[in-house]
Amino acid sequence: MGYQLSKLRTIRIVKSIYKLLSKRRKIQIFLLVILNFFSSIAESISVISVIPLISFLSRSDAKYNLFFIDNFINKESSLALIISTFIFFILITQILKILNLYSNQRVASLIGLDFSKTAYKNIINRNYIYFIESSSSSVINSLSSNIESFVLGLRFILNGITFLLISFFLIITSFTVNYKLTLILFFLLSTSYILIGQLISRKVLINSKTIVNLTNSIIKIIQESFGQIKDIILNNSHNIYIDNYEKIEKERKLKQAENVFFAYFPKYIIETIGILTLSFFALISFEDNQSNQTISTIGAFALTIQRLLPSAQIIYSSWIGIRANYSAMKNIIDINNNNNNKSEFHFKDKIKLLKFEKNITLKDISFSYGENNKNNLLKNINLEIKQGDFIGITGKTGEGKSTLIDIITGIIIPNKGNLFIDDIGILNTLEKEKLLRSWRKNISYVPQEIFISEGDIKENISLGCDKKEIDFNRIKECAEVTQIDNFIKKLPKGYKTKAGENGVKLSGGQRQRIGIARAIYKNKKLLILDEATSGIDLGTEEKLFKSLMQYKKMITIIMISHRKKSLQFCNKRFILEEHFLKKLI
């Protein structure tokens, strides 16, 4: 029962992959099968071609009733001709096998690329709620380790198909040489592999699931340890993380080792069965005084077994390999299939910019996380923001300030209410998706924690822009507005100085000013600062805002801040209390 179930799972996953292939990949698979077909025939002919050679050397006059063999031997052919024919077929076979190997690996990699790209596209286009609720370690695992396992599983599938065809033709060949011995050998080999598969199939699948979960845990430990490396150093807690890492990684490696062992240990059992069967046949044949024919038959059969046993082992190990990578492959297939939670706002067509010339209006906005959650984080929010306003919003942690910003940007859709841009409602309309994408083209957003790439300062300020279109003069102007130009000039290489991974060479305030400079460089009409000045001293913050208002006089700014003194620069101030928005006088 377990073997049948695992067989069905293997067939199901192969069907699922084929269903998702593009037309081009299906054509490549078809051509690959044709190549496999000819390679298998060549393999069989190369085995048959050894019979004339052995018969000639053993001076056998036996009849084989095998294709052209009898006629070929009876024509008083020279040894040179027989050897030349044998070498010719061997060379053709090896050339086809090399071509087959290259094609299998290339097609598997190309299919892996397609699935990897689609998985990444489907994930990155999902809505914001998905990223809030999902574990980043499992997402990273899907796009890295699971993709590699998926490609490995593909290679096992293609190898399995290749050697299934080769084995089929080799069995047909050996059947024509001696059908009794072939039937016995086929029965013993197939029974052995089925029994072994029955015993270990479930264990391999369990290991597969365990390996995926342990890989998630490893990524999580790495993320956590790198993310709080200062605390680890200060608390001298290195060994806690090292021990946890070793414990999980040891279990993962041992599970992988088990699966590799399960894939290859039958080889030695099967080889023993094959050799014993052939030896037993030779003993019986010689006792029956059939030595002349037996020599050439055993020679041909030995060569057949020499080719068939590795092929049978590869088919078996490919099946185990598919099972071992089953969970990772299913994960990638599910992501490729899954259109749920996909972003509603991804379009390849160019969208015209939704003009923002008068105001932004929130009307009766209510929101809660989760469809069945009746406890609203935001309740009946009404707010009008005119172009050129400098809006300040404060409130306690957890009141929903950042969520309100996410609704204004259209990243989160409220459960109730509407968002108007210049009196155009964009949520309750059939064109919601296009309007939201168009609206976002007006927005620059600066979070509290600024992402800094490993590139130089210039690249970080222009991050997300085409390198060919970078305007250094405007980069410098934006740095001057955010009061960081003087600091950059003092660096050894100025704007070409490397910032270090995640801005490790910069202070919190310097990272925030680079983040604001980046937002200004994008030249948008609405600038959102979500605690984006928390690391900047008040004096520098005041100079920054004054300079910004002079540089872009009609820019609209929405700022979230816990510092009440920061709100003094705003012409309108609000507080979020008990999920309601109230105006401060």
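A. Seen up close, the overall build of the protein chain. Counting secondary structure elements, the protein chain contains 21 helices and 10 strands. Here the protein chain, with 585 residues, has 48% of them falling under the buried criterion. Here the analysis covers contacts within the protein chain between residues at least 6 apart in sequence; of these, 78% occur between residues at least 24 apart. Surface accessibility of the protein chain: about 31500 Å² in total, with carbon and sulfur atoms responsible for 58%.

B. Spatial organisation of the sheet that holds strand β6 (residues 443-446). Reading across from one edge, β6-β7-β8-β3-β9-β10 is the order of the six strands in this open sheet, with mixed pairing throughout. The sheet is open, and its two borders are formed by β6 and β10 (580-584), each paired with just one other strand. The average angle at which neighbouring strand axes cross in this sheet is 20 degrees, direction not considered. Pairing geometry for strand β3 (residues 390-395) and strand β9 (residues 572-577), over five bridges, is parallel. If you follow Gly395 over to β9, its bridge partner there is Leu576.

C. Seen up close, the packing of helix α18 (residues 472-481) against helix α20 (residues 508-521). For the pair α18 and α20, interaxial distance at closest approach is 9 Å and the crossing angle is 130 degrees. The orientation of α18 relative to α20 falls into the category oblique. Our pair here, α18 against α20, has a crossing hand that is right-handed. Residue-level inspection shows Arg474, Ile475, Cys478, Ala479 and Val481 of α18 in contact with α20, the latter providing Ala517, Ile520 and Tyr521. Broken down by class, the residue content of the contact of α18 with α20 amounts to seven nonpolar, no polar and one charged.

D. Quick peek at the nonpolar core. The biggest cluster of nonpolar side chains holds 34 residues, and the ones touching the most others in it are Val446, Ile457, Ile461, Leu527 and Leu529. Of all the secondary structure elements, the ones that give two or more residues to this core are α17 (457-461), α18, α20, β7 (526-530), α21 (538-551) and β8 (556-560). Not counting the four nearest positions on each side in its chain, Leu529 is found in contact with Val446, Ile516, Phe545, Ile557, Ile558, Met559 and Ile560. Counting 32 residues, the second-largest nonpolar core is a separate cluster that includes Leu354, Phe356, Leu404 and Leu436.

E. A nonpolar patch on the surface, seen in detail. Judged by side-chain polarity, Ile27, Phe30, Leu31, Ile34, Phe37 and Phe38 come together as a nonpolar surface patch covering roughly 590 Å² of accessible area. Here Phe38 is to be found in helix α2 (residues 23-48).

F. Broad picture of the pairing of β10. Relative to β10, β9 is paired through five bridges, and the arrangement is antiparallel. By the bridge assignment, Ile575 is partnered in β10 with Lys582. Where β9 folds back on β10, the antiparallel hairpin that results is connected by two residues, among which Glu578 adopts a positive phi of roughly 50 degrees.

G. Representation of unusual backbone geometry within the structure. Its identity is not glycine, yet Asp422 carries a phi of approximately 50 degrees, on the positive side. Among the secondary structure elements, Asp422 is positioned in the loop between β4 (416-421) and β5 (424-425). Classification of Asp422 by relative accessible area gives buried; the value is 13%. Positive phi, normally seen in glycine, also occurs at Gln483, with a value near 65 degrees. On the secondary structure map, Gln483 appears in the loop between α18 and α19 (485-490). Assessed through its relative accessible area of 29%, Gln483 is described here as partly exposed.

H. Broad picture of the pairing of β7. Within β7, five of the five residues are buried, which leaves the element mostly enclosed by the surrounding structure. Every second residue of β7 is oriented toward a common face, with Leu526, Ile528 and Asp530 on one face and Leu527 and Leu529 on the other, all of them buried. With four bridges joining them, β6 and β7 adopt parallel strand pairing. Counted as the bridge partner of Tyr445 is Ile528 from β7. In the classification by handedness, the crossover that spans β7, the intervening α21 and the parallel β8 is right-handed.

I. Geometry of the packing of α20 against α21. The interhelical angle for the contact between α20 and α21, taken along N-to-C directions, is 5 degrees, at an axis separation of 13 Å. Viewed along their axes, α20 and α21 adopt a mutual orientation that is roughly parallel. Here Arg513, Ile516 and Ile520 of α20 come into contact with α21, specifically with Thr540, Leu544, Leu548 and Tyr551.

J. Layout of the packing of aromatic side chains. Within this structure, the stated rule accounts for 14 aromatic pairs. Centroid distance Phe115 to Phe150: 4.7 Å. Interplanar angle 35 degrees. Geometry classified as tilted. Highlighted residues: Phe115 in helix α5 (residues 79-124) and Phe150 in helix α8 (residues 145-177), separated in sequence by 35 residues. Phe150 gets classed as buried once you look at its relative accessible area, which sits at 0%. Ring centres of Tyr316 and Trp319 lie 6.2 Å apart, and the angle between their planes is 50 degrees; this geometry places the pair in the tilted category. Of this pair, Tyr316 and Trp319 both sit in helix α13 (residues 291-324), separated by three residues, roughly a single helical turn. When sorted by exposure, Tyr316 lands in the same class as Trp319, which is buried. Taken together through their ring pairs, the aromatic side chains of Phe37, Phe38, Phe168 and Phe169 make up a single cluster.

K. Looking closely at the sheet that holds strand β2 (residues 378-386). The sheet built from four strands is open, its strands ordered β2-β1-β4-β5 with antiparallel pairing. Edge positions in the sheet fall to β2 and β5, since each has one partner strand and no second. Looking at chain direction, strand β1 (residues 359-367) and β4 are connected through five bridges and run antiparallel. Looking across to β4, one finds that Leu362 is bridged to Leu419.

Here is what the cut-offs are and how they apply
- Residues numbered from 1 in each chain as written.
- Predicted model: local features only at pLDDT ≥ 70, side-chain atom pairs only at ≥ 80, totals over all residues.
- Heavy atoms only, no water.
- Helix = DSSP H or I, 4+ residues; strand = E, 2+ residues; numbered from the N terminus.
- Buried < 20%, exposed > 50% of the residue type's maximum accessible area, 1.4 Å probe, protein only.
- Contact = heavy atoms within 4.5 Å.
- Areas by Shrake-Rupley, 256 points an atom, 1.4 Å probe, with all protein chains shown as cover.
- Pairing = 2+ DSSP bridges.
- Axes fitted to C-alpha atoms, helices over the stretch in contact; angles between N-to-C directions.
- Parallel < 35°, antiparallel > 145°, perpendicular 65-115°, else oblique.
- Left-handed = near helix turned anticlockwise from the far one by under 90°.
- Nonpolar A, V, L, I, M, F, W, Y, C, P; charged D, E, K, R; others polar.
- Core = buried A, V, L, I, M, F, W, Y, C linked by side-chain atoms within 4.5 Å.
- Patch = residues over 30% accessible without salt bridge, like charges linked within 9 Å, V, L, I, M, F, W, Y side chains within 5 Å.
- Salt bridge = Lys/Arg side-chain N within 4 Å of Asp/Glu carboxyl O.
- Right-handed = clockwise from strand over helix to strand, strands pointing away.
- Phe/Tyr/Trp six-rings, centres within 6.5 Å; stacked < 30°, edge-to-face > 60°.

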